[in-house]
Amino acid sequence: MTNNLLMRLAHVVCLCRMDQVWQSPVRIRGLMAFGLVVWMLWGDSAAQAQNVAIEPRPSVRITRTDEAITIDGRLDEPAWETAEVIRDFRQQEPVEGAPPTEKTECRLLYDKTCVYIGIRCFDSEPDKINARDLNRDSSFGNDDKVVVLLDTYRDGRNAYRFSVNPLGTQSDALITDEGRDFNLAWDTQWLSAATRDQEGWAAEMAIPLVSLRFRKGADTWGFNVSRIIRRKNEILLWTSWQRAFGLLRVSQAGVLTGVDGITRSRLVEIKPYVTGRLRQNVPDSLGKRFEQGFSGAVGVEVARVGITPSVTAELTVNPDFGQAEVDQQVVNLTRFSVFFPERRDFFLENAGIFLFGRPGVNQMFFTRRIGLTDNGAPLPIDFGAKVTGKAGKWNLGFLHVETRPLREVQPDGTERVAVPRERFTVARVKRDLGTRSNVGAIALNRQGAKAGPTTVAWVSMPRSTSTTTGQATPSSPRPFLPVCAVMPQPFAYRAAMTRIRCGSLGYMRKSAATTTRKWVLSCAGMCASTSGMAPTSGGRLL
């Protein structure tokens, strides 16, 4: 089938009025199966059509070394001379595709513990190199910098990003679905150093293999490297230098060969803590009484164990998240909630797998709601467990967290439960389709909230990383949930709303003394029906 015919078929299914079609469960299942097949065929054919005009990916080989590498920014070890060199950079800005005005060289090495990256940035005016920022995870907006990207799963979607400026200041992030989720709060342990001389500046990085997740036995990774010369506003890239792409376009990264010999030891990481405090006339979190005397706590901030090189299990017990950074103050003049980024270590590992919907718009699950009361007061977490990773083309995630109940003292001296114990459970699965599409499902359960337990199950259609989504309108007398436009590229558009009387892909139940209403999601003949609760402000459910 051609893309034209597939588009028309999907368009007809989305736009036609289905009041009479959805009477029979047999018709429902048949139309759903038809829609799924159309989307899968269309996604693969569109992806293949997209790749026709793409240039062959450049490749570079990583070299094994048994020599000790000192991370000092000098690149003076003999092993660097044996490594293959990347020199063919091209401009993204200011002149797309033009040769660079300054020469850049990149080399890669590895041993049994680390991946080493050495970048030599030649500069004809070394005294004009910009280097001021010493803040970790800064954007280096006024500095020269080099940025490397490692797609260790070679899926063209997810990657690690490491950046260094001429002062050796570090910045790292996780990229999910080619930048759909850019997690700058993620931090891992790695080394970097940089030096300046008469020829320019150089940077060295050592990234421990236990900090990376990858498939054992893979023969290639995705790799890209970028350099920014700030005074010239010049952006150089090894590949994906087109302005329509850029570094975050993981699918356009080059090929890193020679990785079949890379192995790592089992990841075991434990962060315990012990605290103590003396308080005198300090109000509690509910503001109902004053706390006095000495108190202490012991727990595990996070414990990580690598089940396989690509699957990680995590546990937290009575955490206080004392190492989490403080949120930046925001003045909110809108009627919608502010989505502060997640900064707690336990929730950061592979956080992108739990992203479902558009971040900050109709996000189904937001981890910052765990550990807070409805009034924003902190709620202690008893324990949590999480398993995340990748198995072939399947992205998997499971999370379970329980919070501790808060009690308050009544005027008569008795205690009552002010905030009950809450349990959050999330299961997520996502399957890669073609080069940039995916289909997935998420199931959520929240128990212990004042409004009653909530259970949600939702299925996403085959989709590309570029989507548009509608807004729900709870005030409507016959409410509808607008359709998500999840067409594989290049046909991303907003589909029309359709009235459907029943559905079977989506399910949501909430125990509450409210009138039950039907909320329906339809997309290319596949539907999802919910009852009992509309999305909250900002579009999130849990």
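Residues numbered from 1 in each chain as written. Predicted model: local features only at pLDDT ≥ 70, side-chain atom pairs only at ≥ 80, totals over all residues. Heavy atoms only, no water.

Trainee: So what's going on with unusual backbone geometry? Which residues, and what values?
Mentor: In the segment running from E93 into P94, the intervening peptide bond is cis, with an omega of 0°. Within the element layout of this structure, P94 appears in the loop between β4 (90-93) and β5 (104-110). The residue L75 is not glycine, and still its phi comes out positive at about 55°. Here L75 shows up in the loop between β2 (63-64) and α3 (79-82). Its identity is not glycine, yet R154 carries a phi of approximately 55°, on the positive side. Following the sequence through the fold, R154 ends up in the loop between β7 (145-151) and β8 (159-164). (Helix = DSSP H or I, 4+ residues; strand = E, 2+ residues; numbered from the N terminus.)

Trainee: Quick rundown of the confidence of the model for the protein chain? Include the residues and the values.
Mentor: Here the protein chain averages 75 in pLDDT, while 71% of its residues score no lower than 70. Taken as a whole, residues 1-23 scores under 50 in pLDDT and shows 46 contacts with residues more than four places along the chain or in a different chain. With pLDDT under 50 throughout, residues 463-542 is counted as low confidence; its partners more than four residues away or in other chains account for 222 contacts. (pLDDT = per-residue confidence, 0-100. Contact = heavy atoms within 4.5 Å.)

Trainee: Could you give me a rundown of empty space enclosed by the protein, with the residues and numbers involved?
Mentor: Overall, the coordinates contain 3 cavities of 30 Å³ or more when judged by the stated rule. A volume near 250 Å³ is recorded for the largest cavity. Classifying every residue of the lining of the largest cavity gives 7 nonpolar, 8 polar and 3 charged. (1 Å grid on protein atoms, 1.4 Å probe; cavity = no way out; pocket = protein on both sides within 12 Å on 5 of 7 lines; lining within 4 Å. Points joined across faces, edges and corners; volume = space filled by probe spheres on them. Nonpolar A, V, L, I, M, F, W, Y, C, P; charged D, E, K, R; others polar.)

Trainee: Help me get a handle on the environment of G156, residues and values and all.
Mentor: Among the structural elements, G156 can be located in the loop between β7 and β8. Owing to a relative accessible area of 9%, G156 belongs among the buried residues under this scheme. Leave out the neighbours within four places in its chain, and G156 touches D151, E178, V250 and S251. (Buried < 20%, exposed > 50% of the residue type's maximum accessible area, 1.4 Å probe, protein only.)

Trainee: Quick one: what's the story with the side chain of E349, residue by residue and with numbers?
Mentor: Structurally, E349 is set in the loop between α4 (345-348) and β19 (381-391). Taking relative accessible area as the criterion, E349 reaches 7% and is therefore assigned buried. At 2.9 Å, the side chain of E349 and the side chain of R213 are in polar contact. Discounting residues that sit within four places of it in the chain, E349 has contacts with W186, R213, R304, T312, E314, K386 and T388. (Polar contact = N/O pair within 3.5 Å; in protein donor to acceptor, adjacent residues only side chain to side chain.)

Trainee: Can you lay out the nonpolar core for me, pointing to particular residues and giving the numbers?
Mentor: Ranked by size, the top nonpolar core spans 39 residues in total, and within it I117, F162, W221 and F223 carry the most contacts. Elements supplying a minimum of two residues to this core: β5, β6 (114-122), β7, β8, β12 (200-208) and β13 (220-229). Setting aside its immediate chain neighbours within four residues, I117 contacts W80, C106, R107, L108, V148, A203, E204, M205, I207 and F223. Judged by nonpolar contacts, the second largest core, of 17 residues, contains V302, F356, V401 and I442. (Core = buried A, V, L, I, M, F, W, Y, C linked by side-chain atoms within 4.5 Å.)

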